[in-house]
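Letter by letter, the chains look like this.
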Amino acid sequence: MTTYIIRRLFYTIPIVLGVLLTTFILFNVVGGDVSDQIAGKAASKETIAEIRKEYGWDKPLFFARDSQFNRHLINAATFDFGRSWNDRERVMDKIKQGAGPSLSLTVPMFLGTVLISISLALIVAFLRGTIIDVLAVLLCVAGMSLPFLSFILFGQYFLAFKWGLFPVFFWPDLSTVRYVTLPVLIGIAAGLGGELRFFRTVMLDEIRNDYVRTAFAKGLSPARVLFKHVLKNAMIPIITQVVLAIPFLFLGSLLLERFFGIPGLGYLMVDAIGARDFQVIGAMTYIGAILFVVFNLITDICYALVDPRISLE
Amino acid sequence: MSEQSKKLPKGRSLWSDGIHRLAGHKLAMAGLVVIAAYFLLAAFIYISELCNWKISFLQWGDKIGREYEPPNAKNIIGTDFLGRSVLRKTIYGTKISITVAFLASILSIAIGVPLGAIAGYFRGAVDEIIVWLYTTLSSIPYILLILAFALVLKDKAINLHWAGLGTLELRGIASVYLAMGLTSWVGICRLIRGEVIKHKDREYVLAAKSYGCGDGRIITRHLIPNVFHIVIIDFSLRFVSFIQAEVILSFLGLGEKNSPSWGAMIDTARLDLPKGYWWEMTAATLAIFFISLALNVFGDALRDSLDPKLRIQ
Amino acid sequence: MNNNGTLLSLENVSTHFFTADGIVKAVQNISLKIKKGRTFALVGESGCGKSVTALSVMRLVPHPQGKIAGGKIIFEEKNLLELNEKQMRNVRGNKIAMIFQEPMTSLNPVYTVGNQIAEAIKLHQDKAGWQAKEDAVEMLQKVGIADSQRRINDYPHQMSGGMRQRVMIAMAISCQPKLLIADEPTTALDVTTQAQILDLLDELQQQEKMSILLITHDLGIVAERADDVAVMYASRIAETADSKTLFANPLHPYTQGLLKSLPRLGFTGERLPTVAGIVPDPLHFPSGCKFHPRCPIGCNDERCQTIEPEIRYVAPGHGVACWHAQGYEKITDKQNG
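Residues numbered from 1 in each chain as written. Chains lettered and ligands numbered in written order. Predicted model: local features only at pLDDT ≥ 70, side-chain atom pairs only at ≥ 80, totals over all residues.

### Things to note about the overall build of chain A
Then step 1. From N to C terminus, chain A includes 15 helices and 0 strands.
Then step 2. A burial count over chain A gives 39% of its 313 residues as buried.
Then step 3. Long-range contacts, defined as pairs at least 24 residues apart, comprise 69% of the intrachain contacts of chain A with a sequence gap of at least 6. (Helix = DSSP H or I, 4+ residues; strand = E, 2+ residues; numbered from the N terminus. Buried ≥ 20, exposed ≤ 12 C-beta atoms within 10 Å, placed from the backbone. Contact = placed C-beta atoms within 7 Å.)

Pasting the structure below:
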């Protein structure tokens, strides 16, 4: 088991390198030297040169001791992302500020969607073929067919704007619970359809297996069969879906934050995209990638925990 | 012996059995009709532009009434802020959505399925490389990846002379959608790889090997048909996600600017909705809803009828 | 008390499946009696409905596509078909247990063998975890798995097919059921293992004093191991008798055909005789006697072609459903079981 983990850890190194290479190519090679844009129209030559020096664009790209790529690597290792092109704040500070609101939005949304959809999937898979199953599938499919933006717009318009049940926008004075509830509900409602349908399929596939018939033949109740036997086997594809979604929680929900004015990482991202602020975009990309890699590892470990056939390889 | 005992019932192949069952599934057939309708409409629009026909309901640019006219007898879905017919805009929007989603879906499947099958079947070094590739790609947040590709590919002319195809020019929006296809293959690749890994040690593969089937033949004739239902479901779901992605891209300012698209129509609604102008957004939402619903229903039914385990014994 | 040694009695049981192509009457009016401590074999070709009959007893017919359409299943003076689900669960795995054909897939791959055996024990006997585990170890020993203390923590994929089937048997007998239903328990195993498993079942039957309902298509097994037999054809019982009588004096043309096709020492012909034709499509059963298209006598007989014969007991314990069976015409009373 330990060797398995160590092997997986070693494996993450080429991935991280790959990510660094990709981000470097995207942002330094393609993006390049934009010191004059950052300095602004009225800036003097010295300012531009200063900025160029600060961002390291005066150095060669690859083949030197202090090349841009090396610098890129060092920055990544020390989590030093320099200053935003947009407002010249330290990028790490902006990220730290934005993390809190984003998590307070995405974590409840994630937990809510996952727990509700797995439970419903179990029930619906068992009631397969009955009218409840058919209805559930129809509802899921309908939910999946509506564009996410529509959910947000309608939700915001009716529940907040027209009927005043929730605040329309984020306001610093509002408690977190108040301003987060509506976006969370909208997020769950929009995501539930797809997740439930996926989990239902997974459950149905498992239920068809012979060991389920054996379990019933032993006299186990349907609840027992589902929760003990089917669920554990269904966990493998479920784990992939669920655990790998976690890194994206940190990045916040771009659209929800934008529409509700929540000052999280998603909002930050949208701003950065609009301003073509590669410093911020690059930093968030890198962090997102690292998180992803870490959670990939966690997923693999979870697989080994759940499936005895794997850990003994 | 009597006649009855001599007549052997004619066996049915999986596909013909599947299609037979699918044809009996009324909802799915209705869905197919809807899908066909959208596709035909898109094709028709292309043809009419090619042949320079002037069809009245395709002239979305004409001003036919006052600004912001609500739905009435003359204009069924009212007019937009320039007095143009919302109905015509909605119809025309079909062209872009269908084209883009189709091309991106085909591209992602064309890349993802072979890579996934090869990775899952051969394992070893080949698998490591492919997994490294898609792990790196998928570590980077989707939106950023598309953005980056879009910037790189923007207004570029790809030289395809070596393939005897002349030069492919990427105007405006095409780069974004090419980017979508090039980045979305990861999902199907991973799924196919997982299934192939599960199947490759199964007895029917060993049986095939035992009578001398080469690897290529095993993959194409044995493995891929057994995992193909995943491709189908993925295609129908992915198609839907591309149609919906267009909405988000429009929101981020990357969408089609010269002709109407459903995403752009919803985007304008952000500002129009508080003013009470709901029809443009509703029209676009419904247009997206129906094609997505049809695809989802059809994809589900197709999967059910193609799944070998669900056949009547 | 109409006990007289009968443990389980099926009376006119019918099970139907509702498919897109029509109603499949997989089991029609099956009646049989399984006596205490004896092995009853239900024999027939693939698709004749024998597995469905077994599943019907356990009320494990896949629903909603399948449904027990009629009849009674009397066990311990109660009609199993009238029990509610909770009561039925008390019967399953506890009073009546079942083992299946595919040991490779019939065990849950993510739990240890011990866990799965102990599960039934904990459920039906209300024992504590550690107690159930000890019982499980004992069960493994009983079914002949060496080193059972260690093997209790193995996973199914670490065991061979034969061992897995033993584990299935251990699971089934863990609560001392009165009846064990074995659905083709050895079909998926090699011949040596087959013999071992069947020996094991014999042994356990004596030890635990239980009845066995053995579903099989292998007449050889029936001849060796069964006390009573019923031959099924196309959802109905063609003939039923105790094993000796059936082999000595088969009355139904189908049974006769089957027995003739068994290879035996001293056979000097060029080809083994077979029963011509194939099993009919359950969606389109022939009219009259379902066997008539393949029957050397019935294919030309108008009565066989139009009227379906029911089971009549031409001798005590020997029932047959054939217009041309010896003694059939004379019997009008079909109650003699």
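### Points about the overall build of chain B
Then step 1. Helices and strands together make up the secondary structure of chain B, namely 12 helices and 2 strands.
Then step 2. Each helix and strand of chain B, ordered N terminal to C terminal, gives the series α-α-α-α-α-α-β-β-α-α-α-α-α-α.
Then step 3. In chain B, which comprises 313 residues, the proportion classed as buried is 43%.
Then step 4. Here the analysis covers contacts within chain B between residues at least 6 apart in sequence; of these, 66% occur between residues at least 24 apart.

### As for the sheet that holds strand E5 (residues 78–79) of chain C
Note: strands within a sheet are paired through backbone hydrogen bonds, in either parallel or antiparallel orientation.
All names here are of chain C.
Then step 1. Taken together, the 4 strands give an open sheet; going across it, the order is E2-E1-E4-E5, and neighbouring strands pair in antiparallel fashion. On the outer flanks of this sheet lie strand E2 (22–35) and E5, each paired with one strand and no other.
Then step 2. Both strand E1 (residues 6–19) and strand E4 (residues 66–75) contribute to a ladder of 8 bridges, which runs antiparallel. Looking across to E4, one finds that His16 is bridged to Lys67.
Then step 3. Relative to E2, helix H1 (residues 50–58) is tilted by about 70 degrees, and along the sheet it contacts E1, E2 and E4. (Pairing = 2+ DSSP bridges. Axes fitted to C-alpha atoms, helices over the stretch in contact; angles between N-to-C directions.)

### Side note on helix H4 (residues 129–142) of chain C
All names here are of chain C.
Then step 1. Between its first and last C-alpha atoms H4 spans 20 Å; for 14 residues at 1.5 Å apiece the expected length is 20 Å, and the two agree.
Then step 2. Those residues of H4 not exposed but buried are Ala132, Asp135, Ala136, Val137, Met139 and Leu140.
Then step 3. Lining the buried residues of H4 we find helix H3 (113–125), helix H5 (148–151) and helix H6 (161–173).
Then step 4. Backbone geometry just after H4 places Gly144 at a positive phi near 85 degrees. (Expected span 1.5 Å × (residues − 1).)

### Concerning the interface of chain B and chain A
Then step 1. Contacts between chain B and chain A engage 33 residues on the former and 32 residues on the latter.
Then step 2. Residue assignment for the side of chain B that touches chain A shows that the elements contributing at least two residues are helix H5 (124–139), helix H6 (142–153), helix H10 (215–251), helix H11 (262–272) and helix H12 (279–306) of chain B.
Then step 3. Per-element tally for the side of chain B that touches chain A: the top contributor is H12 of chain B, with 8 residues.

### Notes on helix H7 (residues 191–208) of chain C
All names here are of chain C.
Then step 1. Over its 18 residues, H7 extends 25 Å from the first C-alpha to the last, a length consistent with the 26 Å expected when each residue adds 1.5 Å.
Then step 2. Of the surrounding secondary structure, the elements contacted by the buried residues of H7 are H6, strand E7 (179–183) and strand E8 (211–216).
Then step 3. One or two residues past the end of H7 sits Lys209, with phi positive at roughly 55 degrees.

### Overview of the nonpolar core
Then step 1. Ile117, Ile181 and Leu213 of chain C are the most contacted members of the largest nonpolar core, which has 238 residues in total.
Then step 2. The biggest single contributor to this core is H10 of chain B, with 15 residues.
Then step 3. Beyond its immediate stretch of four places on either side in the chain, Leu213 of chain C contacts Ile34, Phe40, Leu42, Ala54, Leu179 and Ile181 of chain C. (Core = buried A, V, L, I, M, F, W, Y, C linked by C-beta atoms within 7 Å.)

### Observations regarding the pairing of strand E10 (residues 236–242) of chain C
Residues and elements named next belong to chain C.
Then step 1. Taken across its 7 residues, E10 has 6 buried, putting it largely inside the fold.
Then step 2. With 6 bridges joining them, strand E9 (residues 228–233) and E10 adopt antiparallel strand pairing. If you follow Asp228 over to E10, its bridge partner there is Asp242.
Then step 3. Counted along the chain from E9 to the antiparallel partner E10, the turn is 2 residues long, and its residue Ala234 has a positive phi close to 45 degrees.
Then step 4. As judged from the 2 bridges shared by E10 and strand E12 (residues 318–320), these two strands associate in the antiparallel manner. Opposite Thr240, over in E12, you have Gly319 as the bridge partner.

### A few points about the packing of helix H4 (residues 86–122) of chain B against H10 of chain B
Residues and elements named next belong to chain B.
Then step 1. Two elements in contact, H4 and H10, have axes separated by 8 Å at closest approach and are oriented at 145 degrees. Crossing hand, H4 versus H10: right-handed. Residues Ser97, Val100, Ala101, Ala104, Ser105, Ser108, Ile109, Val113, Ala117 and Tyr121 of H4 pack against Asp215, Ile219, Leu223, Ile224, Val231, Phe235, Arg238, Phe239, Phe242, Ile243 and Glu246 of H10. (Left-handed = near helix turned anticlockwise from the far one by under 90°.)

### Focus: unusual backbone geometry
All names here are of chain C.
Then step 1. Phi is positive for Asn29, close to 50 degrees, though the residue is something other than glycine.
Then step 2. With respect to the helices, strands and loops of the structure, Asn29 is situated in strand E2.
Then step 3. In this model, Glu184 sits at a positive phi of 45 degrees, which is unusual for a non-glycine residue.
Then step 4. If you trace the backbone, Glu184 turns up in the loop between E7 and H7.

### Re the environment of Trp262 of chain B
Residue and element names in this part refer to chain B.
Then step 1. Checked against the element boundaries, Trp262 lands in helix H11.
Then step 2. Along the chain, Trp262 and Thr285 lie 23 residues apart, while their C-alpha atoms are 7.6 Å from each other.
Then step 3. Non-local contacts of Trp262, meaning those with residues more than four positions away in its chain, are made with Gly93, Ser97, Val247, Ala284, Ala287 and Ile288.

### Things to note about the sheet that holds E8 of chain C
Residues and elements named next belong to chain C.
Then step 1. Taken together, 8 strands build an open sheet; the order of strands is E6-E7-E8-E3-E9-E10-E12-E11 and the sheet is mixed. Bordering the open sheet on either side are strand E6 (96–99) and strand E11 (312–315), each of which pairs with just one other strand. Sheet twist, expressed as the mean angle between neighbouring strand axes with direction ignored, is 20 degrees.
Then step 2. Against the sheet, H6 contacts E6 and E7, and its axis sits at roughly 170 degrees relative to E6.

### What about the pairing of E4 of chain C?
Then step 1. Pairing analysis gives 2 bridges linking E4 of chain C to E5 of chain C, with the strands arranged antiparallel. Looking at the pairing, Phe75 of chain C lines up with Lys78 of chain C of E5 of chain C.

### Notes on the packing of H3 of chain C against H6 of chain C
All names here are of chain C.
Then step 1. With their axes 8 Å apart at the nearest point, H3 and H6 run at an angle of 25 degrees to one another. Considered as vectors, H3 and H6 are oriented roughly parallel to each other. The two elements H3 and H6 cross, and the hand of that crossing is right-handed. In this structure, H3 contributes Val113, Gln116, Ile117 and Ala120 to the contact, and H6 contributes Val167, Ala170 and Met171. (Parallel < 35°, antiparallel > 145°, perpendicular 65-115°, else oblique.)

### Here we look at the confidence of the model for chain A
Then step 1. Residue-level pLDDT values for chain A average 78, and 88% of them are 70 or greater.
Then step 2. Here helix H2 (residues 35–39) of chain A is the element of chain A with the lowest mean pLDDT, 64, and helix H9 (residues 210–217) of chain A is the one with the highest, 91. (pLDDT = per-residue confidence, 0-100.)

### Brief notes about the environment of Gly187 of chain A
Residue and element names in this part refer to chain A.
Then step 1. Among the secondary structure elements, Gly187 is positioned in helix H8 (residues 176–207).
Then step 2. For Gly187, a count of 25 C-beta atoms within 10 Å gives the class buried.
Then step 3. Considered as a pair, Gly187 and Phe110 are 77 residues apart in the sequence and their alpha carbons are 8.6 Å apart.
Then step 4. Residues in contact with Gly187, not counting those within four places in the same chain, are Met109, Ser253 and Leu256.

### Looking at the confidence of the model for chain B
Residues and elements named next belong to chain B.
Then step 1. Residues of chain B with pLDDT of at least 70 account for 77%, and the chain-wide mean is 75.
Then step 2. Within chain B, no element has a lower average pLDDT than helix H1 (residues 3–6), which sits at 43, and none a higher one than H4, at 86.
Then step 3. Predicted confidence is poor over residues 1–9, with pLDDT under 50, and the contacts of this stretch with residues over four places away or in other chains come to 16 contacts.
Then step 4. In the predicted assembly, ipTM is 0.85 and pTM is 0.73.

### With respect to the environment of Glu246 of chain B
Residue and element names in this part refer to chain B.
Then step 1. Position of Glu246 relative to the elements: it lies in helix H10.
Then step 2. Taking the C-beta count within 10 Å as the criterion, Glu246 has 30 such neighbours and is therefore assigned buried.
Then step 3. Along the primary structure Glu246 and Ile96 are separated by 150 residues, whereas in three dimensions their C-alpha atoms are 9.3 Å apart.

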